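# Inside the fold
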Amino acid sequence: MLRSVILAASRSGRVERLVESAPLTRGVVRRFIAGDGDEAALACTQELVADGLAVTIDHLGEDTTNPAQAEATRDEYLGLLDALATAELTPAAEVSLKLSALGQLFDEKVAYEHARAICAKATEAGTTVTLDAEDHTTTDSTLETLARLRVDFPTTGAVLQAYLRRTEADCRELATAGSRVRLCKGAYKEPESVAYQSRLDVDKSYVRCLNILMAGEGYPMLATHDPRLVSIGEDRAKWFDRTNDEFEFQMLYGVRPEEQLRLANLGYTVRVYLPYGTQWYAYMMRRLAERPANLSFFARALRSKR
Ligand SMILES: Cc1cc2nc3c(=O)[nH]c(=O)nc-3n(C[C@H](O)[C@H](O)[C@H](O)COP(=O)(O)OP(=O)(O)OC[C@H]3O[C@@H](n4cnc5c(N)ncnc54)[C@H](O)[C@@H]3O)c2cc1C
């Protein structure tokens, strides 16, 4: 119930203005986000890599309806990839893209062309790109774009959401040699017709999908902070004889950082999803919806306004 309310607020301009104007909000946001510009993303990446972690960097922003904004997002990624290569942070750091930030909502072809330019730059920089999964209305379009990008850039990563009823079938389709697939639970508010609603059903689906990916020939990227799912991942890696370079764990920046280091110290690849940029509102609200206990940080920040 609370999750639904928070996810609904993530699309409200009025709540957005209220949250953004609270003076302490920045401090709270900083826990989950590197900072406003690419220098902050680079500095944070450097620290994470020095700690033995891999990184995937996301420039915040989504649901763009403006072609100039989509171009600016493409250019931001091109500049970021140059900077990562110059700082010798590739291949430890890659990038994650939201096609809706590149124009998917108004012209899929534009989004594809921008994503293609970013994949070409990533290849030149010696690293990879992963296409984030957004709400279910974009899944077909995103997977079609992924297939087109993989013709020339076969290492482009997919993201599948275990809460969607279709995802087991998508896992079977994508568990092929060389295919990088991030499996997450899913962060959007979705109707029952397309998505499991209870935590138990989502977790059971995650395990079924994890089994398919681990048994297959691709490269599974297990994106979860859930302790039970992490240990099931470790168990299946042993069962399917996967070495530590044949799959990875992924977690969000600011969420369970000690666990990230613990797993890295055990020899697993752990990749941290690191967002940066000024358009942090929708991303932050999804993080709150996942763990309403985080609301107490926000409540304190909002009270500070008075
Ligand atoms: C690397 C990565 C990439 C992702 N990419 C996408 C994507 O492209 N599309 C998409 O829809 N979703 C994405 N997600 C989000 C994902 O779908 C889930 O919403 C999110 O990871 C929470 O699910 P969980 O598996 O961690 O399990 P949960 O059951 O939600 O959490 C398990 C435990 O982890 C801790 N935890 C989880 N979330 C938080 C939080 N926000 N703050 C503090 N503690 C927390 C808590 O201790 C909680 O009990 C991504 C997640 C990760 C880790």
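You can see Thr145 is positioned in helix H7 (residues 139-152). Dropping the residues within four chain positions of it, Thr145 is found in contact with Leu99 and Tyr112.

This part is about the site of the ligand. Lining the immediate environment of the ligand, one finds 24 residues, of which Lys185, Gly186, Thr224, His225 and Glu290 sit closest. Contact distances for the ligand include 3.0 Å between an oxygen atom and a backbone N or O atom of Ala187. For the ligand, an oxygen atom lies 2.7 Å from a polar atom in the side chain of His225. Burial of the ligand by the protein amounts to 88% of the accessible area it has alone, namely 930 Å².

Attention now moves to the packing of helix H9 (residues 199-215) against helix H10 (residues 227-239). Where H9 contacts H10, the axes come no closer than 11 Å and their chain directions differ by 25°. Comparing the axis directions of H9 and H10 gives the class roughly parallel. Two packed elements cross with a definite hand, and for H9 against H10 that hand is right-handed. Here H9 contributes Asp203, Tyr206, Val207, Leu210, Asn211 and Met214 to the contact with H10, which in turn contributes Arg228, Leu229, Ile232, Gly233, Arg236 and Ala237. The residue inventory of the contact of H9 with H10, partitioned by class, reads seven nonpolar, two polar and three charged.

Basis of the calculations
Residues numbered from 1 in each chain as written. Predicted model: local features only at pLDDT ≥ 70, side-chain atom pairs only at ≥ 80, totals over all residues. Heavy atoms only, no water. Helix = DSSP H or I, 4+ residues; strand = E, 2+ residues; numbered from the N terminus. Contact = heavy atoms within 4.5 Å. Near = heavy atom within 4 Å. Polar contact = N/O pair within 3.5 Å; in protein donor to acceptor, adjacent residues only side chain to side chain. Areas by Shrake-Rupley, 256 points an atom, 1.4 Å probe, with all protein chains shown as cover. Axes fitted to C-alpha atoms, helices over the stretch in contact; angles between N-to-C directions. Parallel < 35°, antiparallel > 145°, perpendicular 65-115°, else oblique. Left-handed = near helix turned anticlockwise from the far one by under 90°. Nonpolar A, V, L, I, M, F, W, Y, C, P; charged D, E, K, R; others polar.

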